[in-house]
Amino acid sequence: MRKYLIAGNWKMNLDRAESVDLATQIIAKLPSPCPVEVSVIPTLVHLEAVKHVIGSNVQLGAQNVYFEKKGAFTGEVSVGMLRDMGVKYVLAGHSERRHILGETDEIVGKKAHAIVTEGLGLILCVGETLEQRQHFKTVEVVGRQLDAGLAHVAAASAESGHLVIAYEPVWAIGTGLTATPAQAQEVHAFIRTKLVEKYGQETAQNIRIQYGGSAKKANAADLLAQVDIDGLLIGGASLMADEFIGIVQAAIAGQPKH
Ligand code: PEP
């Protein structure tokens with residue numbers, strides 16, 4: 001069974017006190033133990049503060065990392081440093097890093113490799129722009145991003161549960177436009193097929209594929225009901241405790257799907 005992973009990407013929002021406050025509210029409202037996996041992904045400089053609040057019921061995630069282990073890379077942070085902070089999941093390939101910070105498929109592939117090699121969980125984000133969708137390029141773009149992102153992610157990492165894919169159509173991120181459950185499922189099924197080709201049927205069936213793009217309490221249950229949607233990566237709605245908890249509750253209610 002694939003356990004849902006509900007992750008809140010706080011992006012470059014919330015100061016230290018606000019981050020601690022949001023984490024505290026989330027913890028207070030979550031059932032313990034929580035039957036679905038929940039992760040919060042604060043800004044790097046507040047990881048430590050949030051870690052002290054969340055305990056073991058919520059996993060700590062990081063929004064970014066550099067692929068080298070150590071050295072003269074001013075301003076960067078290694079996977080080992082994140083592990084020391086108690087981080088379990090690291091995002092790679094988020095569309096804001098691809099499109100605003102200029103990260104290429106090659107860089108994403110190197111980051112993905114570094115994350116799994118060092119034993120952390122990789123959330124590899126893929127997704128097409130509106131223009132690419134309108135030109136029927138979704139499968140081509142997502143396929144290319146998967147090939148590059150997973151080029152150096154061995155089957156052993158996928159088998160051990162260290163690999164999560166997040167399908168995030170760029171046109172749905174932060175826009176209020178959500179992919180319909182059917183649109184999302186269509187791409188998730190394609191991603192599952194690619195994972196079967198690369199890792200084999202059994203391993204691919206155990207890899208979680210999250211959807212991200214204006215997910216919220218009101219649409220979470222319908223998205224999560226899709227056969228290949230195994231969780232949600234949430235931006236805007238994860239900054240509001242009630243919204244985020246509402247999404248987690250929808251996941252708990254729908255959990256025994258597979
Ligand atoms: C995201 O940035 O990963 C995201 C899904 O954002 P939002 O939920 O705000 O669309």
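What counts and how
Residues numbered from 1 in each chain as written. Predicted model: local features only at pLDDT ≥ 70, side-chain atom pairs only at ≥ 80, totals over all residues. Heavy atoms only, no water. Helix = DSSP H or I, 4+ residues; strand = E, 2+ residues; numbered from the N terminus. Rg over C-alpha atoms; globule rule 2.2 N^0.38 Å. Buried < 20%, exposed > 50% of the residue type's maximum accessible area, 1.4 Å probe, protein only. Contact = heavy atoms within 4.5 Å. Areas by Shrake-Rupley, 256 points an atom, 1.4 Å probe, with all protein chains shown as cover. Lys, Arg positive; Asp, Glu negative; His and termini not counted. Charge placed at Lys NZ, Arg CZ, Asp CG, Glu CD. 1 Å grid on protein atoms, 1.4 Å probe; cavity = no way out; pocket = protein on both sides within 12 Å on 5 of 7 lines; lining within 4 Å. Points joined across faces, edges and corners; volume = space filled by probe spheres on them. Nonpolar A, V, L, I, M, F, W, Y, C, P; charged D, E, K, R; others polar. Pairing = 2+ DSSP bridges. Axes fitted to C-alpha atoms, helices over the stretch in contact; angles between N-to-C directions. Core = buried A, V, L, I, M, F, W, Y, C linked by side-chain atoms within 4.5 Å. Polar contact = N/O pair within 3.5 Å; in protein donor to acceptor, adjacent residues only side chain to side chain. Phe/Tyr/Trp six-rings, centres within 6.5 Å; stacked < 30°, edge-to-face > 60°.

(A) How the structure looks around the overall build of the chain. For the chain, the helix and strand inventory stands at 12 helices and 8 strands. Compactness check: the chain gives a C-alpha radius of gyration of 17 Å against a globular reference of 18 Å for 258 residues, within 12% of the reference. Along the first, second and third principal axes, the C-alpha atoms of the chain reach 45 × 45 × 35 Å. Here the chain holds 258 residues, and the buried ones make up 52% of them. The long-range fraction of contacts in the chain, counting pairs at least 24 apart against all pairs at least 6 apart in sequence, stands at 73%. Accessible surface, the chain as shown: approximately 11,200 Å² in total, 55% of it carbon and sulfur. Side chains of the chain carry 24 positive and 27 negative charges; the gap between the two charge centres is 2 Å.

(B) Structural context of the layout of surface pockets. In this structure, the largest pocket occupies an estimated 600 Å³ of space. Contributing to the lining of the largest pocket are 22 residues, with Q63, N64, R97, L101 and E103 lying nearest its centre. For the lining of the largest pocket, the elements supplying multiple residues, two or more each, are α4 (95–99) and α5 (105–117). A breakdown of the residues in the lining of the largest pocket according to their chemical character gives 10 nonpolar, 6 polar and 6 charged. Roughly 190 Å³ of volume is contained in the second largest pocket. In this structure, the second largest pocket is lined by 18 residues; those nearest its centre are G174, S214, A215, G235 and G236. Taken together, the residues of the lining of the second largest pocket break down into 6 nonpolar, 9 polar and 3 charged.

(C) Molecular detail of the sheet that holds strand β1 (residues 5–9). The parallel closed barrel is built from 8 strands, whose spatial order is β1-β2-β3-β4-β5-β6-β7-β8. Taking each pair of neighbouring strands and ignoring which way they run, the sheet shows an average axis angle of 25°. When strand β3 (residues 59–62) meets strand β4 (residues 87–92), the two strands line up parallel, connected through 3 bridges. Residue A62 lies in a different strand from β4, and its bridge partner there is V90.

(D) Inspection of the nonpolar core at higher detail. Residues I6, I165, I191 and L232 are the most contacted members of the largest nonpolar core, which totals 69 residues. Element by element, the count of residues in this core is highest for helix α12 (residues 241–254), at 7 residues. Formed by 10 residues, the second largest nonpolar core is a distinct cluster that contains L5, A7, A166 and L233.

(E) Broad picture of the environment of Q132. In this structure, Q132 sits in helix α6 (residues 130–134). In this structure the C-alpha to C-alpha distance between Q132 and V170, which are 38 residues apart in sequence, comes to 9.8 Å. Only 2.8 Å separates the side chain of Q132 from the backbone nitrogen of T129, close enough to count as a polar contact.

(F) Structural detail: empty space enclosed by the protein. In this structure the tally under the stated criterion is 1 cavity of 30 Å³ or more. When its volume is computed, the largest cavity comes out at roughly 40 Å³. Together, G93, H94, S95, C125, V126, G127, E168, V170 and I173 line the largest cavity. Split into classes, the residues belonging to the lining of the largest cavity amount to 4 nonpolar, 4 polar and 1 charged.

(G) Molecular detail of the packing of aromatic side chains. Applying the stated criterion across every chain yields a total of 3 aromatic pairs. Between the aromatic rings of Y66 and F73, the centroid separation amounts to 5.1 Å while the plane-to-plane angle is 45°, which identifies the pairing as tilted. A network of ring pairs unites the aromatic residues Y66, F67 and F73 as a single cluster.

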